Amino acid sequence: MISDESGEYLVGIAKEAVLTYLSEGKKIEVPKDCPDELKEKLGVFVTLNEKNTLRGCIGYPEPIESAIKATIDVAIAAACEDPRFPEVTIEEYPKLIFEVTVLSKPERIVVNEPQQYLDEIEIGRDGLIIQKGFSKGLLLPQVPVEHNMDVEEFLEHTCMKAGISADSWLDASCDIYKFQGKIFK
């Protein structure tokens, strides 16, 4: 994982990326003073909250881009492309709380019986990705904590996020992955 200083740097970059995009319609460049560890490919999510209410959340669960580039891309996407919300306006910007979650590489959980998933997932530590066919859903590690979920509810909600039935995690055709995240605000 990255250092606290680099995480704070990413939060600042996310804020700058959104402000520049909202005010000028431009995407910022990677700053020259970017810490080297942020040039590594990492999964990144940016979450926007307004008055303790979700306002946008988009991310790259897989390490497909450097952490710095991913943060710029997903910050703008969280503000302007989350299909659950209208685009953030420049008037809303000062009220937003920015959260950047840097992810570890997802690892597939291998079990003999689906009930074993309940012992392999730790609330508060693990995020989940559930995939069945072309359907895929992801919930960050903080989600079950914020919503007081147990492991079974966490699995069910991740299935629903994938657009599949809540009990699909019991189906052998489902692949379940866990990952960890470090959150910076």
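Preceding this paragraph is the structure being described.
These numbers come from a predicted model, not from an experiment.

Caption draft 1: Structural view of the overall build of the protein. Check the secondary structure of the protein and you find five helices and seven strands. Order of helices (α) and strands (β) in the protein, N terminus to C terminus: α-β-β-α-β-β-α-β-β-α-α-β. Whereas a compact globule of 185 residues would reach a radius of gyration of roughly 16 Å, the protein reaches 17 Å, a difference of no more than 12%. The principal-axis extents of the C-alpha atoms in the protein amount to approximately 50 × 35 × 30 Å. In the protein, 72% of the contacts between residues at least 6 apart in sequence involve partners at least 24 apart. Counting only carbon and sulfur atoms, one obtains 49% of the accessible surface of the protein, whose full area is about 9,700 Å². Charge separation in the protein, taken as the distance between the mean sites of 20 positive and 34 negative side-chain charges, equals 5 Å.

Caption draft 2: Up close: the pattern of salt bridges. Applying the stated criterion to the full structure yields eleven salt bridges. Across the salt bridge formed by Asp36 and Lys39, the nearest N and O atoms sit 3.3 Å from each other. The exposed category is assigned to Asp36, whose relative accessible area is 63%. Glu122 serves as the salt-bridge partner of Arg125, at 3.3 Å between the closest nitrogen and oxygen.

Caption draft 3: Molecular detail of the pairing of strand β2 (residues 53–60). Across seven bridges, strand β1 (residues 43–50) lies against β2 in antiparallel orientation. Looking across to β2, one finds that Val46 is bridged to Ile58. Connecting β1 to the next strand, β2, in antiparallel fashion are two residues, including Lys51 with a positive phi near 55°.

Caption draft 4: Inspection of the nonpolar core at higher detail. Ranked by size, the top nonpolar core spans 33 residues in total, and within it Leu38, Val46, Leu48, Ile68, Phe98 and Val100 carry the most contacts. Among the elements of the structure, α1 (4–24), β1, α2 (67–80) and β3 (96–103) are those that each provide at least two residues to this core. Looking at which element gives the most residues to this core, the answer is α2, with ten residues. Those residues in contact with Val100 that lie beyond four places of it in its chain are Leu10, Val11, Ala14, Val44, Phe45, Val46, Thr71, Lys182, Ile183 and Phe184. Cys57, Leu103, Ile109 and Leu138 belong to the second largest nonpolar core, which has 24 residues in total.

Rules used throughout
Residues numbered from 1 in each chain as written. Predicted model: local features only at pLDDT ≥ 70, side-chain atom pairs only at ≥ 80, totals over all residues. Heavy atoms only, no water. Helix = DSSP H or I, 4+ residues; strand = E, 2+ residues; numbered from the N terminus. Rg over C-alpha atoms; globule rule 2.2 N^0.38 Å. Contact = heavy atoms within 4.5 Å. Areas by Shrake-Rupley, 256 points an atom, 1.4 Å probe, with all protein chains shown as cover. Lys, Arg positive; Asp, Glu negative; His and termini not counted. Charge placed at Lys NZ, Arg CZ, Asp CG, Glu CD. Salt bridge = Lys/Arg side-chain N within 4 Å of Asp/Glu carboxyl O. Buried < 20%, exposed > 50% of the residue type's maximum accessible area, 1.4 Å probe, protein only. Pairing = 2+ DSSP bridges. Core = buried A, V, L, I, M, F, W, Y, C linked by side-chain atoms within 4.5 Å.

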